[in-house]
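Residues per chain are reported as follows:
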Amino acid sequence: MNVVLFGPPGAGKGTQAALLHEHLGLAHFSTGEEFRRHIASESALGQRIRSIVESGELVPDDIVLEVVERALDDPMYARGVVFDGFPRTLEQARSLDHMLSTRGRSIGIVLTIEVPEDELVRRMLQRGRSDDTEQVIRERLRVYEQRTAPVLDYYAQQGKLRRIAGDAPIEDVHRAIVLAIESLTTKEKLSNHS
Ligand code: ADP
(Lines give C-alpha, C1' and ligand atoms only; values in the text may rest on other atoms or scores of the structure.)
Protein backbone atom coordinates (compact mmCIF):
# COMPACT_ATOMS: atom_id res chain seq x y z
CA MET A 1 0.00 0.00 0.00
CA ASN A 2 1.47 3.35 -1.06
CA VAL A 3 -0.16 6.51 0.27
CA VAL A 4 0.40 10.16 -0.64
CA LEU A 5 -0.23 12.70 2.12
CA PHE A 6 -0.99 15.90 0.31
CA GLY A 7 -1.68 19.44 1.45
CA PRO A 8 -0.15 22.87 1.97
CA PRO A 9 2.84 23.47 4.25
CA GLY A 10 1.72 23.37 7.87
CA ALA A 11 -1.24 21.06 7.17
CA GLY A 12 0.17 18.37 9.47
CA LYS A 13 1.44 15.86 6.93
CA GLY A 14 4.55 14.99 8.92
CA THR A 15 2.59 14.52 12.14
CA GLN A 16 0.02 12.29 10.44
CA ALA A 17 2.66 10.28 8.58
CA ALA A 18 4.38 9.54 11.89
CA LEU A 19 1.08 8.31 13.35
CA LEU A 20 0.47 6.08 10.31
CA HIS A 21 3.92 4.64 10.77
CA GLU A 22 3.22 3.97 14.43
CA HIS A 23 -0.26 2.47 14.01
CA LEU A 24 -0.26 0.88 10.53
CA GLY A 25 3.46 0.18 10.19
CA LEU A 26 3.77 2.14 6.94
CA ALA A 27 7.24 3.52 6.23
CA HIS A 28 7.39 7.32 6.23
CA PHE A 29 9.27 9.10 3.47
CA SER A 30 9.52 12.90 3.67
CA THR A 31 11.48 14.66 0.93
CA GLY A 32 11.67 17.76 3.16
CA GLU A 33 13.27 15.78 6.00
CA GLU A 34 15.61 14.09 3.57
CA PHE A 35 16.70 17.52 2.28
CA ARG A 36 17.11 18.96 5.79
CA ARG A 37 19.34 15.97 6.65
CA HIS A 38 21.52 16.67 3.62
CA ILE A 39 21.72 20.37 4.51
CA ALA A 40 22.66 19.65 8.13
CA SER A 41 25.40 17.19 7.11
CA GLU A 42 26.65 19.62 4.45
CA SER A 43 26.72 16.88 1.80
CA ALA A 44 27.26 17.94 -1.85
CA LEU A 45 23.52 17.71 -2.39
CA GLY A 46 22.88 19.68 0.79
CA GLN A 47 25.16 22.49 -0.35
CA ARG A 48 23.40 22.61 -3.73
CA ILE A 49 19.90 22.94 -2.29
CA ARG A 50 20.38 24.92 0.93
CA SER A 51 19.57 28.35 -0.47
CA ILE A 52 16.58 26.99 -2.42
CA VAL A 53 15.01 25.39 0.65
CA GLU A 54 15.76 28.43 2.82
CA SER A 55 13.96 30.73 0.39
CA GLY A 56 10.81 28.57 0.19
CA GLU A 57 11.28 27.62 -3.48
CA LEU A 58 11.01 24.09 -4.81
CA VAL A 59 14.09 21.92 -5.22
CA PRO A 60 14.44 21.11 -8.97
CA ASP A 61 12.50 18.03 -10.08
CA ASP A 62 15.55 16.08 -11.28
CA ILE A 63 17.17 16.31 -7.83
CA VAL A 64 13.94 15.37 -6.03
CA LEU A 65 13.30 12.43 -8.35
CA GLU A 66 16.80 11.04 -7.88
CA VAL A 67 16.37 11.06 -4.11
CA VAL A 68 12.95 9.37 -4.39
CA GLU A 69 14.11 6.71 -6.84
CA ARG A 70 16.95 5.76 -4.51
CA ALA A 71 14.46 5.42 -1.65
CA LEU A 72 12.12 3.20 -3.70
CA ASP A 73 14.88 0.62 -4.03
CA ASP A 74 15.65 0.71 -0.31
CA PRO A 75 14.21 -2.47 1.30
CA MET A 76 12.91 -0.24 4.10
CA TYR A 77 10.33 1.22 1.71
CA ALA A 78 9.54 -1.94 -0.28
CA ARG A 79 6.35 -2.91 1.58
CA GLY A 80 4.52 0.39 1.37
CA VAL A 81 5.29 4.04 1.85
CA VAL A 82 3.58 7.17 3.08
CA PHE A 83 4.90 9.94 0.85
CA ASP A 84 4.95 13.24 2.74
CA GLY A 85 5.69 16.43 0.81
CA PHE A 86 6.06 14.57 -2.47
CA PRO A 87 4.95 14.81 -5.28
CA ARG A 88 4.85 18.62 -5.36
CA THR A 89 4.73 19.20 -9.14
CA LEU A 90 2.92 17.50 -12.02
CA GLU A 91 6.25 16.29 -13.36
CA GLN A 92 7.00 14.66 -9.99
CA ALA A 93 3.56 13.00 -9.92
CA ARG A 94 3.91 11.58 -13.44
CA SER A 95 7.45 10.37 -12.74
CA LEU A 96 6.36 8.75 -9.48
CA ASP A 97 3.67 6.76 -11.30
CA HIS A 98 6.24 5.67 -13.85
CA MET A 99 8.87 4.71 -11.25
CA LEU A 100 6.30 2.72 -9.28
CA SER A 101 4.79 0.95 -12.28
CA THR A 102 8.19 -0.27 -13.51
CA ARG A 103 8.50 -1.88 -10.07
CA GLY A 104 5.01 -3.44 -10.17
CA ARG A 105 3.76 -0.97 -7.58
CA SER A 106 1.29 1.94 -7.55
CA ILE A 107 -0.27 4.70 -5.47
CA GLY A 108 -3.36 3.41 -3.67
CA ILE A 109 -4.76 6.62 -2.25
CA VAL A 110 -4.01 10.34 -2.05
CA LEU A 111 -5.23 12.12 1.07
CA THR A 112 -5.32 15.88 0.92
CA ILE A 113 -5.37 17.55 4.32
CA GLU A 114 -7.35 20.79 4.16
CA VAL A 115 -6.63 23.65 6.58
CA PRO A 116 -7.51 27.38 6.28
CA GLU A 117 -4.57 29.60 5.40
CA ASP A 118 -4.50 31.71 8.60
CA GLU A 119 -4.31 28.51 10.66
CA LEU A 120 -1.44 27.23 8.47
CA VAL A 121 0.55 30.40 9.07
CA ARG A 122 -0.17 30.25 12.81
CA ARG A 123 1.04 26.63 13.04
CA MET A 124 4.23 27.25 11.06
CA LEU A 125 5.17 30.33 13.08
CA GLN A 126 4.72 28.26 16.22
CA ARG A 127 6.85 25.42 14.81
CA GLY A 128 9.72 27.84 14.26
CA ARG A 129 11.82 25.80 11.83
CA SER A 130 14.63 27.83 10.18
CA ASP A 131 12.52 28.11 6.99
CA ASP A 132 9.47 29.17 9.01
CA THR A 133 9.91 32.94 8.95
CA GLU A 134 6.84 34.87 7.87
CA GLN A 135 8.29 35.87 4.51
CA VAL A 136 9.42 32.34 3.61
CA ILE A 137 6.10 30.91 4.81
CA ARG A 138 4.23 33.27 2.49
CA GLU A 139 6.46 32.22 -0.40
CA ARG A 140 5.92 28.50 0.35
CA LEU A 141 2.13 29.03 0.34
CA ARG A 142 2.36 30.89 -2.98
CA VAL A 143 4.46 28.11 -4.51
CA TYR A 144 1.97 25.55 -3.17
CA GLU A 145 -0.97 27.25 -4.89
CA GLN A 146 0.89 27.76 -8.13
CA ARG A 147 2.90 24.55 -8.61
CA THR A 148 1.56 21.94 -6.18
CA ALA A 149 -2.23 22.39 -5.99
CA PRO A 150 -2.59 21.43 -9.72
CA VAL A 151 -1.35 17.94 -8.79
CA LEU A 152 -4.72 17.44 -7.03
CA ASP A 153 -6.50 17.32 -10.41
CA TYR A 154 -4.07 14.70 -11.63
CA TYR A 155 -5.03 12.36 -8.78
CA ALA A 156 -8.72 13.31 -8.86
CA GLN A 157 -8.80 12.18 -12.50
CA GLN A 158 -7.35 8.84 -11.41
CA GLY A 159 -10.12 8.55 -8.80
CA LYS A 160 -7.57 8.36 -5.98
CA LEU A 161 -8.19 11.62 -4.16
CA ARG A 162 -9.86 11.82 -0.72
CA ARG A 163 -10.31 15.06 1.23
CA ILE A 164 -9.54 15.16 4.95
CA ALA A 165 -10.58 18.04 7.24
CA GLY A 166 -7.29 19.04 8.86
CA ASP A 167 -8.51 21.86 11.11
CA ALA A 168 -9.31 19.42 13.93
CA PRO A 169 -7.48 17.69 16.81
CA ILE A 170 -4.56 15.51 15.68
CA GLU A 171 -6.30 12.31 16.83
CA ASP A 172 -9.48 13.12 14.86
CA VAL A 173 -7.51 13.80 11.70
CA HIS A 174 -5.64 10.53 12.23
CA ARG A 175 -8.89 8.59 12.63
CA ALA A 176 -10.32 10.07 9.42
CA ILE A 177 -7.15 9.11 7.54
CA VAL A 178 -7.16 5.54 8.88
CA LEU A 179 -10.84 5.16 7.91
CA ALA A 180 -10.11 6.34 4.38
CA ILE A 181 -7.21 3.88 4.03
CA GLU A 182 -9.21 1.02 5.55
CA SER A 183 -12.20 1.60 3.26
CA LEU A 184 -9.82 1.33 0.33
CA THR A 185 -8.25 -1.95 1.47
CA THR A 186 -11.74 -3.40 2.11
CA LYS A 187 -12.79 -2.44 -1.40
CA GLU A 188 -9.64 -4.08 -2.79
CA LYS A 189 -10.37 -7.31 -0.92
CA LEU A 190 -13.96 -7.35 -2.19
CA SER A 191 -12.90 -6.86 -5.79
CA ASN A 192 -10.25 -9.60 -5.45
CA HIS A 193 -13.00 -12.03 -4.44
CA SER A 194 -15.39 -11.26 -7.29
P1 ADP B 1 6.42 21.93 4.49
O2 ADP B 1 5.42 20.85 4.15
O3 ADP B 1 6.15 22.56 5.81
O4 ADP B 1 6.59 22.92 3.38
P5 ADP B 1 8.64 20.15 3.92
O6 ADP B 1 9.52 19.54 4.93
O7 ADP B 1 7.71 19.24 3.18
O8 ADP B 1 7.84 21.29 4.67
O9 ADP B 1 9.52 20.93 2.80
C10 ADP B 1 10.48 21.88 3.14
C11 ADP B 1 11.17 22.41 1.86
O12 ADP B 1 11.89 21.36 1.19
C13 ADP B 1 10.23 22.96 0.80
O14 ADP B 1 9.88 24.30 1.04
C15 ADP B 1 11.09 22.79 -0.49
O16 ADP B 1 12.07 23.78 -0.60
C17 ADP B 1 11.80 21.47 -0.24
N18 ADP B 1 11.04 20.32 -0.76
C19 ADP B 1 10.50 19.31 -0.02
N20 ADP B 1 9.87 18.40 -0.80
C21 ADP B 1 10.00 18.84 -2.09
C22 ADP B 1 9.57 18.37 -3.35
N23 ADP B 1 8.85 17.23 -3.47
N24 ADP B 1 9.88 19.09 -4.45
C25 ADP B 1 10.60 20.22 -4.36
N26 ADP B 1 11.04 20.73 -3.20
C27 ADP B 1 10.75 20.07 -2.06
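Above this text you will find the structure in question.
Residues numbered from 1 in each chain as written. Predicted model: local features only at pLDDT ≥ 70, side-chain atom pairs only at ≥ 80, totals over all residues. Heavy atoms only, no water.

A. Just the pattern of salt bridges, in detail. Counted by the stated rule, this structure contains 15 salt bridges. In this structure, Asp-172 engages Arg-175 in a salt bridge whose closest nitrogen and oxygen atoms are separated by 3.7 Å. Of the two residues, Asp-172 and Arg-175 both sit in helix α9 (residues 170-193), three residues apart, roughly one turn of that helix. Classification of Asp-172 as partly exposed rests on a relative accessible area of 37%. Here the salt bridges do not stand alone but share partners, grouping Arg-127, Arg-129, Asp-131, Asp-132 and Arg-140 into one network. (Salt bridge = Lys/Arg side-chain N within 4 Å of Asp/Glu carboxyl O. Helix = DSSP H or I, 4+ residues; strand = E, 2+ residues; numbered from the N terminus. Buried < 20%, exposed > 50% of the residue type's maximum accessible area, 1.4 Å probe, protein only.)

B. Main features of helix α5 (residues 90-101). Between its terminal C-alpha atoms α5 stretches 17 Å, which fits the 16 Å expected from twelve residues at 1.5 Å a residue. If you check which residues of α5 are buried, you get Gln-92, Ala-93, Ser-95, Leu-96, Asp-97, Met-99 and Leu-100. On its buried face, α5 is in contact with α4 (61-72), β3 (81-84) and α8 (151-157). (Expected span 1.5 Å × (residues − 1). Contact = heavy atoms within 4.5 Å.)

C. Spatial organisation of the side chain of Thr-148. Position of Thr-148 relative to the elements: it lies in helix α7 (residues 134-148). For Thr-148, a relative accessible area of 4% gives the class buried.

D. How the structure looks around the site of the ligand. Around the ligand sit 20 residues in total, of which Thr-31, Arg-36, Glu-57, Arg-88 and Arg-127 are the nearest. Relative to its unbound accessible area of 540 Å², the ligand is 97% covered by the protein chains. Sort the elements by how many residues they give to the shell around the ligand and helix α2 (residues 31-40) lands first, with four residues. Here the shell around the ligand is composed, by residue class, of seven nonpolar, five polar and eight charged. (Near = heavy atom within 4 Å. Areas by Shrake-Rupley, 256 points an atom, 1.4 Å probe, with all protein chains shown as cover. Nonpolar A, V, L, I, M, F, W, Y, C, P; charged D, E, K, R; others polar.)

E. Up close: α4. For α4, with twelve residues, the first-to-last C-alpha span of 16 Å sits near the 16 Å given by 1.5 Å per residue. Where α4 is concerned, the buried positions are Asp-61, Ile-63, Val-64, Leu-65, Val-67, Val-68, Ala-71 and Leu-72. The inward-facing, buried residues of α4 contact β2 (27-30), α2, α3 (44-55), β3 and α5.

F. Quick look at the sheet that holds strand β4 (residues 109-114). Spatial strand order, β2-β3-β1-β4-β5: five strands in an open sheet with parallel pairing. The open sheet is flanked by β2 and β5 (161-165), the only strands paired with a single partner. Strand-to-strand, the axes of this sheet are offset by a mean angle of 25°, without reference to chain direction. Of the strand pairs in this sheet, strand β1 (residues 3-6) and β4 are connected by four bridges, and their pairing is parallel. The residue bridging Leu-5 from the neighbouring strand is Leu-111, located in β4. Sheet strands in contact with helix α1 (residues 13-24) are β1, β2, β3 and β4, and its direction is about 170° off that of β3. (Pairing = 2+ DSSP bridges. Axes fitted to C-alpha atoms, helices over the stretch in contact; angles between N-to-C directions.)

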